[in-house]
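Fold and contact review
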Amino acid sequence: MVDGTTSDDSGIFIHYTTKPLSKQAGVILLGTAGYIPPMATEHMDTLCDIQEEKVIHPFAYRTHTHSLGRMVSGYRIRKDDAGADQWTLLGKRDPLTPQMFYPVESREPIRKSDRLAARCTMESNRTRITKIGATNEDEMCNFYLMYYVENDEPLQMKYCFSNGPPLFRWSNRETELNHIPDYESSHL
């Protein structure tokens, strides 16, 4: 206005406390190295063992690939008393949809000895090998899990990467995985 007054209410209000809060949030990134062969569909798998004496409560996830990604899924794996892996879906989506955090499918706590796994399904119509890297000519396979802890510190482990294809797959004997949800982890 000419007289210097305004009706602008833009801005932010910051609320804070000096009292420690009972919950703290953290993020763990699951990702892969590896490459995608030309003219092929490739599954890029990663697997992490939770080794810290903490209980984490997942509440959101985010997926990320470049242009070849078709689906990214993330799971919590827990062995039952018979030794069977119970795969609990944390989230899955087309990574080419808006890249933001979405609510998890299961808010069941994750504990020591549980495992986290992620899979990116990639479809290449390129006539060359596509490697993992930072540019759009490369690819990425990332699954981010946001969680909180109660009266504790977040995990020291901030990320977990596998070698990816062709060296690492969920089906490799050394993973000792069973009941792998191959179809469900690769399709919406």
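Residues numbered from 1 in each chain as written. Predicted model: local features only at pLDDT ≥ 70, side-chain atom pairs only at ≥ 80, totals over all residues. Heavy atoms only, no water.

Per the secondary structure count, the chain includes zero helices and 11 strands. On the principal axes, the C-alpha backbone points of the chain span a range of 75 × 45 × 25 Å. Across the chain, every contact between residues at least 6 apart in sequence was considered, and the portion connecting residues at least 24 apart equals 81%. For the chain, the computed accessible surface area is about 11000 Å², with 53% contributed by carbon and sulfur atoms. Both charge centroids of the chain, one from 21 positive and one from 26 negative side chains, sit 3 Å from each other. (Helix = DSSP H or I, 4+ residues; strand = E, 2+ residues; numbered from the N terminus. Contact = heavy atoms within 4.5 Å. Areas by Shrake-Rupley, 256 points an atom, 1.4 Å probe, with all protein chains shown as cover. Lys, Arg positive; Asp, Glu negative; His and termini not counted. Charge placed at Lys NZ, Arg CZ, Asp CG, Glu CD.)

To continue, consider empty space enclosed by the protein. All told, the structure shown has one cavity of 30 Å³ or more when counted by the stated rule. Lining the largest cavity, in full, are Arg 62, Thr 63, Arg 93, Asp 94, Pro 95, Thr 97, Pro 98, Gln 99, Met 100 and Tyr 102. Partitioned by chemical class, the residues of the lining of the largest cavity number four nonpolar, three polar and three charged. (1 Å grid on protein atoms, 1.4 Å probe; cavity = no way out; pocket = protein on both sides within 12 Å on 5 of 7 lines; lining within 4 Å. Points joined across faces, edges and corners; volume = space filled by probe spheres on them. Nonpolar A, V, L, I, M, F, W, Y, C, P; charged D, E, K, R; others polar.)

Look at any regular strand and the pattern is simple: side chains alternate between the two faces of the sheet. Among the nine residues of strand β8 (residues 115-123), eight are classified as buried, and the element is accordingly described as predominantly covered. Here nine bridges tie strand β3 (residues 41-49) to β8, and the two strands are oriented antiparallel to one another. Bridge pairing in β8 places Asp 45 opposite Arg 119. Relative to β8, strand β5 (residues 69-79) runs antiparallel, the two being bridged by eight bridges. Counterpart to Tyr 75 in the pairing with β8 is Ala 117. (Buried < 20%, exposed > 50% of the residue type's maximum accessible area, 1.4 Å probe, protein only. Pairing = 2+ DSSP bridges.)

Let us now look at the state of the cysteines. Enumeration over the complete set of coordinates arrives at two disulfides. In this model, Cys 120 is linked to Cys 141 through a disulfide, with the two sulfur atoms separated by 2.1 Å. For the disulfide bridge between Cys 120 and Cys 141, the dihedral angle about the S-S bond is near 90°, and by the sign convention the bridge is right-handed. Of this pair, Cys 120 sits in strand β8 while Cys 141 sits in strand β10 (residues 141-150), placing them 21 residues apart in sequence. Overall, Cys 120 belongs to the buried group, its relative accessible area being 0%. Here the bonded cysteines of the chain are numbered in sequence order, and their pairing is 1-4, 2-3. (Disulfide = S-S within 2.5 Å.)

Turning next to the UniProt feature "domain: Copper type II ascorbate-dependent monooxygenase C-terminal" (unreviewed entry) in the chain. In this numbering, the UniProt entry assigns the feature "domain: Copper type II ascorbate-dependent monooxygenase C-terminal" (unreviewed entry) to residues 23-172. In residues 23-172, helix accounts for 0% and strand for 51%; the two terminal C-alpha atoms are 37 Å from one another. (UniProt positions renumbered as here; feature names shortened; annotations may be inferred.)

On to the packing of aromatic side chains, then. For the coordinates displayed, the defined rule picks out seven aromatic pairs. Measuring from ring centre to ring centre gives 5.6 Å for Tyr 61 and Phe 143, while their planes differ by 15°; the resulting arrangement is stacked. Taken together, the residues Tyr 61 in strand β4 (residues 57-65) and Phe 143 in strand β10 connect sequence positions 82 residues apart. In this structure an aromatic cluster arises from ring pairing among Tyr 61, Tyr 102 and Phe 143. A cation over an aromatic ring shows up here: Lys 23 above the ring of Tyr 148, its NZ or CZ 4.8 Å from the ring centre. Arg 93 extends its terminal NZ or CZ atom over the ring of Tyr 102, reaching a point 3.5 Å from the ring centre. (Phe/Tyr/Trp six-rings, centres within 6.5 Å; stacked < 30°, edge-to-face > 60°. Lys NZ or Arg CZ within 6 Å of the ring centre and 35° of its normal.)

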